[in-house]
Amino acid sequence: SRTTPRRVLMFRIDSLTGNTQRLDGGAMYGNCPRALWETWSPPDDRHRILLACRPFLIRDGTRTVLLEAGIGTFFEPKLQDRFGVVEKEPLLLQSLASLGVQPVDIDVIVLSHLHFDHVGGMLTSWQENQQPELVFPKATVVVGKKAWERALHPHARDRASFIPRLHELLQATGKLELVEGPHCSALPENIYEFCYSDGHTPGLTMTRVRCPRGPLTFVGDLIPGMPWVHLPITMGYDRYPELLIEEKKSLLDRVIAENGWLLYTHDPHACASRVRLSEKGKYEAYEAIATMRWTDSDNPIERTQ
């Protein structure tokens, strides 16, 4: 009997569901007045706002790539409460499984930096009297060299943002690749490239992806979500806010010129958007997307209201 040939999918990118957290709204919006930011991010009774910790999955035809891993569930219960981790189950692994992907299937993980809310999902869930271990056994991990050095030698201001032992676990795999240029050996140059920022943390590594739907830029904590597209909005966690604003403007100009997309890790409602200049000359997000399920042949998108 005649069988229908299986079509080879050449490119697919999916936004993933990671664990969410609640952090102090004032800290997330820096010197922005509460009367303004609470209209964008309504706080709870502890003055905390809801944040996604959203990774993305790319299947480019030859490899399966994870952009970040979210916050995960590695924290002990006391710290889960302190840092506002909402769910107790590792949502990243569940989200991958819903797409038919297991941890062993991940070939490459790209980390923008090593703050716990971007890498915690690489570790097993907390269990009493047990140390967390890595959950992606075959993955090459790509980290910016400056970001790696910051994790090894943190400042007193951000020491609590890093996970003890994580660098040892990554080094022990023998599959750690530190990058400082536009490309790495683990990913093809015709699809992926990197650019860097120092305003939030030294060596923040942003992944740019050549996609059939247009260029994508995973901006990490340079622009955590749509409200931070507005040029003067920065976080209290940023190392050099004025430098960050200059870096943000340069990146936004590039994305506008190429009619590209921003991929957001912390926006609880939108995983991506385009950017434009308003009639008043202000940068603004538009065409916001709640869930990304893009392939090289179709474009099923759920848009935000």
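To be clear, the structure that these remarks concern was listed above.
So, a few notes on the structure that sits alongside this text. This structure is a prediction, so every number in the text was calculated from the model and none was measured.

About the criteria used
Residues numbered from 1 in each chain as written. Predicted model: local features only at pLDDT ≥ 70, side-chain atom pairs only at ≥ 80, totals over all residues. Heavy atoms only, no water. Core = buried A, V, L, I, M, F, W, Y, C linked by side-chain atoms within 4.5 Å. Buried < 20%, exposed > 50% of the residue type's maximum accessible area, 1.4 Å probe, protein only. Contact = heavy atoms within 4.5 Å. 1 Å grid on protein atoms, 1.4 Å probe; cavity = no way out; pocket = protein on both sides within 12 Å on 5 of 7 lines; lining within 4 Å. Points joined across faces, edges and corners; volume = space filled by probe spheres on them. Helix = DSSP H or I, 4+ residues; strand = E, 2+ residues; numbered from the N terminus. Expected span 1.5 Å × (residues − 1). Arc of directions from axis to C-beta. Salt bridge = Lys/Arg side-chain N within 4 Å of Asp/Glu carboxyl O. Phe/Tyr/Trp six-rings, centres within 6.5 Å; stacked < 30°, edge-to-face > 60°.

### Digging into the nonpolar core
Okay, step 1: In terms of nonpolar packing, the biggest core is built from 35 residues, with Ile-109, Leu-114 and Phe-136 touching the most fellow members.
Okay, step 2: When residues no more than four places from it in sequence are discounted, the contact partners of Leu-114 are Val-119, Val-143, Ala-147, Trp-148, Ala-151, Ser-161, Phe-162 and Leu-166.
Okay, step 3: Ile-58, Leu-67, Ile-191 and Met-292 belong to the second-largest nonpolar core, a separate cluster that totals 27 residues.

### Observations regarding empty space enclosed by the protein
Okay, step 1: Applying the stated criterion across every chain yields a total of 1 cavity of 30 Å³ or more.
Okay, step 2: In this model, the largest cavity occupies a volume close to 60 Å³.
Okay, step 3: As for the largest cavity, its lining consists of Ile-109, Met-122, Leu-134, Val-135, Phe-136, Pro-137, Ala-139, Val-141, Leu-170 and Thr-173.

### Details of helix H8 (residues 241–257)
Okay, step 1: Over its 17 residues, H8 runs 24 Å from end to end, which matches the ideal 24 Å to within 8%, given 1.5 Å per residue.
Okay, step 2: All of the buried residues in H8 are Leu-244, Glu-247, Lys-248, Leu-251, Leu-252 and Val-255. When H8 is viewed along its axis, its buried side chains cluster within an angular range of 135° and face the same direction. Structural note: H8 exposes Glu-242, Glu-246 and Ala-257 on the side pointing more than 90 degrees away from its buried face.

### A few points about unusual backbone geometry
Okay, step 1: The phi dihedral of His-47 is positive, around 65°, even though this residue is not glycine.
Okay, step 2: The topology assignment puts His-47 in the loop between helix H2 (34–40) and strand E3 (48–51).

### Focus: the pattern of salt bridges
Okay, step 1: Under the counting rule described, the total for this entry stands at 16 salt bridges.
Okay, step 2: Note that Arg-34 is salt-bridged to Glu-38, the shortest N-O span being 3.1 Å. Note that Arg-34 and Glu-38 are positioned in helix H2 at a spacing of 4 residues, about one turn of the helix.
Okay, step 3: Classification of Arg-34 by relative accessible area gives partly exposed; the value is 36%.
Okay, step 4: Between Arg-46 and Asp-81 there is a salt bridge, with the nearest N and O atoms lying 3.5 Å from each other. With Arg-46 in the loop between H2 and E3 and Asp-81 in helix H3 (residues 77–82), this residue pair connects regions lying 35 residues apart in the sequence.
Okay, step 5: For Asp-81, a relative accessible area of 43% corresponds to the partly exposed category.
Okay, step 6: Bridged by salt links that share partners, the residues Arg-12, Asp-14, Arg-59 and Arg-293 form one connected network.

### So, the environment of Gly-174
Okay, step 1: Among the secondary structure elements, Gly-174 is positioned in the loop between helix H7 (166–173) and strand E8 (176–179).
Okay, step 2: Separated by 33 residues in sequence, Gly-174 and Val-141 place their C-alpha atoms 9.6 Å apart.

### Side note on the packing of aromatic side chains
Okay, step 1: Per the counting criterion, the structure on display carries 9 aromatic pairs.
Okay, step 2: Plain terms: the ring middles of Tyr-29 and Trp-228 are 4.5 Å apart, the flat faces sit at 10° to each other, and that makes the pair stacked. With a gap of 199 residues between them, Tyr-29 in helix H1 (residues 25–29) and Trp-228 in the loop between strand E11 (216–218) and H8 connect regions that are remote in the sequence. Trp-228 shares its class with Tyr-29; the two are buried.
Okay, step 3: Relative to Phe-218, the ring of Phe-56 lies with its centre 5.8 Å away and its plane at 75°, an arrangement referred to as edge-to-face. Of this pair, Phe-56 sits in strand E4 (residues 56–59) while Phe-218 is found in strand E11, placing the two residues 162 residues apart along the sequence.

Taken by themselves, the reported measurements are silent on function.
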